[in-house]
Amino acid sequence: MSNQVKIILALILCFTAFFGEPVLDWIKNNVDVVDNTPSVNVEEPSLTFKEVVKDIVSTNIDKEDAKQISDFFLELESVIAVDPGFIKTTGNFREFNMTAGGLNFAGLDLKNKYPNLGEEIDQCIIATIGSEDQTLTDEKRSDLCECLNAVAWAVHQ
C-alpha cells in the first residue's frame, strides 16, 4: 500500500474518531426514518363471518405476529380467488394450506405462543367449507375467500 493511501486512511480514521459520534447523532436526530413495511387494509367481513371468527378476535395477538398471520391469509385468499384451476377441491385446499403455512411460519415462535389459534382458524375454515373433500364450487370458493379475509381481519382486532 502506498504512503498516500495510508495517509488518507489515517485521516479518515482520525476524522471518524473525533467527529463520528456527533455526526451520527445529528443524522439520527435530523433524518426521518421511513418504514418500508407495507400496510394492507383488510376489508371488514360481513356479520356472518364476524361470527365465524369471533374466537380469533378474542385472542390477544401481538401486532407483528398479527401482520405475519394476516399477510399469509390474504395471500392464500388471493391464490384461491385468482387461480381457480390450481385448487379444485377442498382437500387440495387443505393440503396447500398446510404446506404453505408450514413454509410461511417456519422458524417463527408462533407454535405455542397462541395455543388455540391454529385450531380456531381450522374451525372457521371447516365451518365454511366443511370437513369432507368436495369440489370447490364457485359458491364455496367465494365463501372460502370471505373466510380467509375474515381470519386476516380477526387477528388485528
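Provided above is the structure to which this section pertains.
Cut-offs applied
- Residues numbered from 1 in each chain as written.
- Predicted model: local features only at pLDDT ≥ 70, side-chain atom pairs only at ≥ 80, totals over all residues.
- Heavy atoms only, no water.
- Helix = DSSP H or I, 4+ residues; strand = E, 2+ residues; numbered from the N terminus.
- Expected span 1.5 Å × (residues − 1).
- Buried < 20%, exposed > 50% of the residue type's maximum accessible area, 1.4 Å probe, protein only.
- Contact = heavy atoms within 4.5 Å.
- Patch = residues over 30% accessible without salt bridge, like charges linked within 9 Å, V, L, I, M, F, W, Y side chains within 5 Å.
- Areas by Shrake-Rupley, 256 points an atom, 1.4 Å probe, with all protein chains shown as cover.
- Salt bridge = Lys/Arg side-chain N within 4 Å of Asp/Glu carboxyl O.
- Disulfide = S-S within 2.5 Å.
- Core = buried A, V, L, I, M, F, W, Y, C linked by side-chain atoms within 4.5 Å.
- Phe/Tyr/Trp six-rings, centres within 6.5 Å; stacked < 30°, edge-to-face > 60°.

**Q** Explanation requested: helix H4 (residues 63–82) in the structure shown.
**A** For an α-helix, 3.6 residues make a turn, and residues three or four places apart therefore share a direction. With 20 residues, H4 extends 28 Å from end C-alpha to end C-alpha; this agrees with the ideal 28 Å at 1.5 Å per step. Turning to H4, its buried residues number three or more, namely Asp 65, Ala 66, Ile 69, Ser 70, Phe 72, Phe 73, Leu 74, Leu 76, Glu 77 and Ile 80. Residues of H4 that are buried sit in contact with helix H5 (90–104), helix H6 (117–129) and helix H7 (138–154).

**Q** Before we go on, may I ask you to explain a nonpolar patch on the surface in this structure?
**A** On the surface, Phe 15, Phe 18, Phe 19, Val 23, Trp 26, Ile 27 and Val 31 cluster together to form a nonpolar patch covering roughly 740 Å² of accessible area. Turning to its location among the elements, Phe 19 is positioned in helix H1 (residues 3–30).

**Q** Please explain the environment of Leu 76 as it appears in this structure.
**A** Position of Leu 76 among the secondary structure elements: in helix H4. Taking relative accessible area as the criterion, Leu 76 reaches 2% and is therefore assigned buried. C-alpha of Leu 76 to C-alpha of Ala 100: the two residues are 24 residues apart in sequence and 8.6 Å apart in space.

**Q** Sorry, what's going on with the pattern of salt bridges here?
**A** Think of it this way: side chains of opposite charge can pair up when their charged atoms draw near. Summed over the entire model, instances satisfying the criterion amount to 5 salt bridges. Residue Lys 113 is joined to Asp 62 by a salt bridge in which the shortest nitrogen-to-oxygen separation is 2.9 Å. Residue Lys 113 is found in the loop between H5 and H6, and its partner Asp 62 is found in the loop between helix H3 (54–57) and H4; the two are separated by 51 residues along the sequence. For Asp 62, a relative accessible area of 38% corresponds to the partly exposed category. What emerges from the salt-bridge pattern is a single network uniting Asp 62, Asp 65 and Lys 113.

**Q** Sorry if this is basic, but what is going on with the state of the cysteines here?
**A** Cysteine pairs can be covalently joined through their sulfur atoms, and such a bond is termed a disulfide. Per the counting criterion, the structure on display carries 0 disulfides. Cys 124 carries a free sulfur, and the closest cysteine sulfur to it, the one in Cys 147, is 5.5 Å from it. We classify Cys 124 as buried; its relative accessible area is 4%. In this structure Cys 145 is a free cysteine whose sulfur lies 9.8 Å from that of Cys 147, the closest cysteine sulfur available. On the basis of relative accessible area, Cys 145 is assigned to the buried category, the value being 9%.

**Q** In this structure, what is going on with the nonpolar core? I would like to understand it.
**A** Across soluble globular proteins, nonpolar side chains have a tendency to be buried as a group. Formed by 33 residues in total, the largest nonpolar core has its most connected members in Val 53, Ile 56, Phe 73, Phe 93, Ile 125, Leu 144 and Leu 148. Listed by contribution, the elements that provide at least two residues to this core are H4, H5, H6 and H7. In terms of residue count, the dominant contributor to this core is H7 (9 residues). Dropping the residues within four chain positions of it, Leu 144 is found in contact with Ile 80, Phe 93, Ile 125, Thr 128, Ile 129 and Leu 136.

**Q** What exactly am I supposed to notice about the packing of aromatic side chains here?
**A** Counted under the stated rule, the structure contains 3 aromatic pairs. Ring geometry for Phe 72 and Phe 73: centres 5.0 Å apart, planes at 80°, overall edge-to-face. When the ring of Phe 86 is compared with that of Phe 96, the centres are 5.2 Å apart and the planes differ by 90°; the resulting orientation is edge-to-face. With Phe 86 in the loop between H4 and H5 and Phe 96 in helix H5, the pair connects residues that are 10 residues apart, well separated along the chain. Among the residues examined, Phe 96 registers a relative accessible area of 23% and is labelled partly exposed. Through a chain of ring-to-ring contacts, the aromatic side chains of Phe 72, Phe 73 and Phe 105 assemble into a single cluster.

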